[in-house]
Amino acid sequence: MTFDRKDLSNDQLLGFYKSLLWPRMIEEKMLVLLRQGKISKWFSGIGQEAIAVGATLALHEEEWIMPLHRNLGVFTTRNMPLGKLFMQWQGSQEGYSKGRERSFHFGNKEHHICGMISHLGPQLAIADGVALAHKLRNENKVSLAFTGDGGTSEGDFHEALNTAAVWDLPVIFVIENNGYGLSTPVNEQYRCTNLVDKAKGYGMQGVRIDGNNLLEVYDTIKGVREYCIRNQKPFLIECMTFRMRGHEEASGTKYVPQDLFKTWEAKDPVKKYEEYLISLNILTEKEIETIHAEFKEKIETELAIGSKVKTVVADTENEVEDVFAKSTVNGPQSTVRVVNNAELTHDSQLLTHDLRLIDAIKEALHQSMQQHSNLILMGQDIAEYGGAFKITEGFVNDFGKERVRNTPLCESAIVGAALGLSLEGYKSMMEMQFADFATVGFNQIVNNLAKIHYRWGQNADVVIRMPTGGGVGAGPFHSQSNEAWFTKVPGLKVVYPSTPIDAKGLLIASINDPNPVMYFEHKALYRSVSGAVPSDYYEIEIGKARQVKKGTDISIITYGAAVHWATDYAAAHSEISIDILDLRTLAPLDYLAIRKAVQQTGKVLIFHEDTLIGGIGGEIAAWIAENCFDLLDAPVMRCASLDTPIPFSIELENNFMAKIRLDETVQKLLKY
Ligand SMILES: Cc1ncc(C[n+]2csc(CCOP(=O)(O)OP(=O)(O)O)c2C)c(N)n1
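If you're wondering where the values come from, they're calculated on a predicted model, not measured in any experiment.

## Quick notes on helix H21 (residues 561–572)
Okay, step 1: With 12 residues, H21 should reach 16 Å at 1.5 Å per residue; the first-to-last C-alpha distance of 17 Å fits that figure.
Okay, step 2: Within the sequence span of H21, burial applies to Ala561, Ala562, Val563, His564, Trp565, Ala566, Tyr569 and Ala570.
Okay, step 3: Buried residues belonging to H21 abut strand E15 (517–522), strand E18 (546–549), strand E19 (554–558), strand E20 (578–582), strand E22 (604–611) and helix H25 (662–671).

## Description of helix H20 (residues 500–512)
Okay, step 1: For H20, spanning 13 residues, the distance from its first C-alpha to its last is 18 Å, which sits close to the expected 18 Å at 1.5 Å a residue.
Okay, step 2: Of all 13 residues that make up H20, 13 are buried, and the element is covered over most of its length.

## As for unusual backbone geometry
Okay, step 1: A cis amide bond, omega 0°, links Ala587 with the succeeding residue Pro588.
Okay, step 2: On the secondary structure map, Pro588 appears in the loop between strand E21 (585–587) and helix H22 (591–601).
Okay, step 3: One non-glycine residue, Asn138, lies in positive phi territory at about 55°.
Okay, step 4: Here Asn138 lies in the loop between helix H5 (122–136) and strand E2 (143–148).
Okay, step 5: For Asn138, a relative accessible area of 70% corresponds to the exposed category.
Okay, step 6: A positive phi is found at Asp168, a non-glycine position, where the angle reads about 55°.
Okay, step 7: When you line up the elements, Asp168 lands in the loop between helix H6 (155–166) and strand E3 (171–177).

## So, the packing of aromatic side chains
Okay, step 1: One pass over the structure, following the stated rule, counts 28 aromatic pairs.
Okay, step 2: Taking 6.5 Å as the distance between ring centres and 75° as the angle between the ring planes, the aromatic pair formed by Phe157 and Tyr202 counts as edge-to-face. On the criterion of sequence distance, the pair formed by Phe157 in helix H6 and Tyr202 in helix H7 (residues 198–202) is long-range, its members being 45 residues apart. Taken as a pair, Phe157 and Tyr202 share a single burial class, namely buried.
Okay, step 3: The rings of Trp42, Phe75, Trp89, Tyr96, Phe104 and Phe106 are connected pair by pair, giving a single aromatic cluster.
Okay, step 4: The ring of Tyr96 is capped by Lys84, whose NZ or CZ atom sits 4.9 Å from the centre of that ring.
Okay, step 5: For the cation-ring pair, Lys267 lies above Trp264, with the distance from its terminal atom to the ring centre recorded as 4.0 Å.

Criteria and thresholds
- Per chain, the residues get numbers from 1 upward, laid out in the order the sequence is written.
- Where local features are concerned, this predicted model is filtered to residues with pLDDT of at least 70; where side-chain atom pairs are given and counted, the filter is 80 or more; whole-chain, interface and lining totals use all residues.
- Side-chain metrics in this entry use all non-hydrogen atoms of the structure; hydrogen atoms and water are not considered.
- Numbering of helices and strands starts at the N terminus; helices are DSSP runs of H or I of at least 4 residues and strands are runs of E of at least 2.
- The length a helix should cover is 1.5 Å for every residue beyond the first.
- Three exposure classes are used, based on accessible area relative to the maximum for each residue type with a 1.4 Å probe and protein chains only: buried under 20%, partly exposed in between, and exposed over 50%.
- Here, residues are in contact when the closest pair of their heavy atoms is within 4.5 Å.
- Each Phe, Tyr or Trp ring, with Trp reduced to its six-membered ring, pairs with another whose centre is within 6.5 Å; inter-plane angles below 30 degrees give stacked pairs, above 60 give edge-to-face pairs, and intermediate values give tilted ones.
- Either the NZ atom of lysine or the CZ atom of arginine qualifies as a charge over a ring when it sits within 6 Å of the ring centre and within 35 degrees of the ring normal.

See the structure below:
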């Protein structure tokens, strides 16, 4: 291993040594504490430290890093105090994740470290979003994301690199190739000769380096950083290294040929660098001993601080409260008018115009773009083409291509990029071309966007628009009602307007909300429903239902297209006095309004286009049974679509739809 100091001073070289040795010594101590049961799971980075340390040293402090499970060196080189890190590893409430996350699954804004989720690959696209923010602000900054050799097989690797290349983003992707993904050797992981060969396929530059050589890592990444900023391009670096311990301590190393340990022991990054500094007379054996003794003492002092943790006391209110960011997180809200239900029906002072649902959505987006200069729109074909439904038609002319962005076909990377934008204080709206395609971005939505605030206090200021629903003869993959997949995920808000006035006010509210909002818009209502909509910029409060019609015989609790089916049914059956409640938001539910609807008639029918099993109707029925039993005169009934995939032929689709069974269910309820 040859070192090249370039123009680094003796002091710098010595400082680098301390940065490299510090995580090594911490980890050696942690392995002892792990065996004593003081901390939980540990993924060893011994033998690989030069990569995390070298990369962090090469970046500026305010540049974001997306580390993984073996990157203690990132956290220590960013000077996170060991005492607090130790609190984190013990699961203490005084740790970085308040006891909610294990080992390295946490981040911290102050240190510009974005915490990983277990799934590894999702880290990569977050770096795209951060780099996009830098690019939009013309800042001379990069972001840097790590992956292991195993992680390069994930679709997220492909999507993140491809998006960074297509959008010319200054991201450094670092592969730590340590030969194994758990027990799987690289020859069972990929077929290219070197992983860096993949760079060419994405149209980016790449280099393969010795990951155990601290100065090579540092110098390469420093140069690559300048390249990325100067050329506004991503770059792939493959760092060759070896994991000197098992995947995690419990997994052992039996699956690794033992002679490899000897080979790589001889290339130990700390030892080799030490020898180099000794050869330069920058360090002596005596000084090494002194530094070791100092660090040992510092570790003990910090561990003493970190050990003084209080017993975890669960406070349910606090736990629930931390799932969402407060709405003031991005500065005080503007003086946006919140329109309430009474005004909607009675206030003649509101200047309105007649809009179809689709136009109301368009107007909400347009006004939000004017209101928030930091709002970015992303989606397939949404720029010049105007989106599959033409909702953003003309937006490129008004706001430019930087803010109205066509995306490659990669939902997961775009949700990840949206989160990255949020890390840098941007708002974003992603248009799923069809709600059905959320499946390929599902992990980023339910595990990253939804959980990040609870896990380490970072908000995800993202709205995902979901053109949804059937009745358009589009078959199983362009018509699904999948809102209930998201209502059960703590950390997501789910809104689903049925009228133009609600569509506009709720979309504006969703964009103003600093939390992730899944905004469902029914395709069949786009052009079939119109109504008076205030011309002004206004919000409808998320989480508030609307009484559509008063009645005394039965109450129909519903949302989306089914609101119109219920209204039409009531109009055609004037002999039945039907009370109709439009939920408007499915998470959080408006329990007060639901209770009132039950109270109104004592006979409740929950009606939705979604299929029956696992639909939100089951949850509402259970809540009513538990909380409003004394108000009921009949069992709560549900009318939903068939538990089959949604079929293509109109006849089959009609038979699938809940609408066809509405009369039958109403009659059953009336007769009870
Ligand atoms: C999506 C997903 N699948 C499987 C796992 C289980 N898992 C955790 S780490 C790991 C190996 C990762 O290997 P690599 O990317 O090479 O990183 P290394 O652990 O070697 O640093 C696996 C399979 C996971 N965390 N996430």
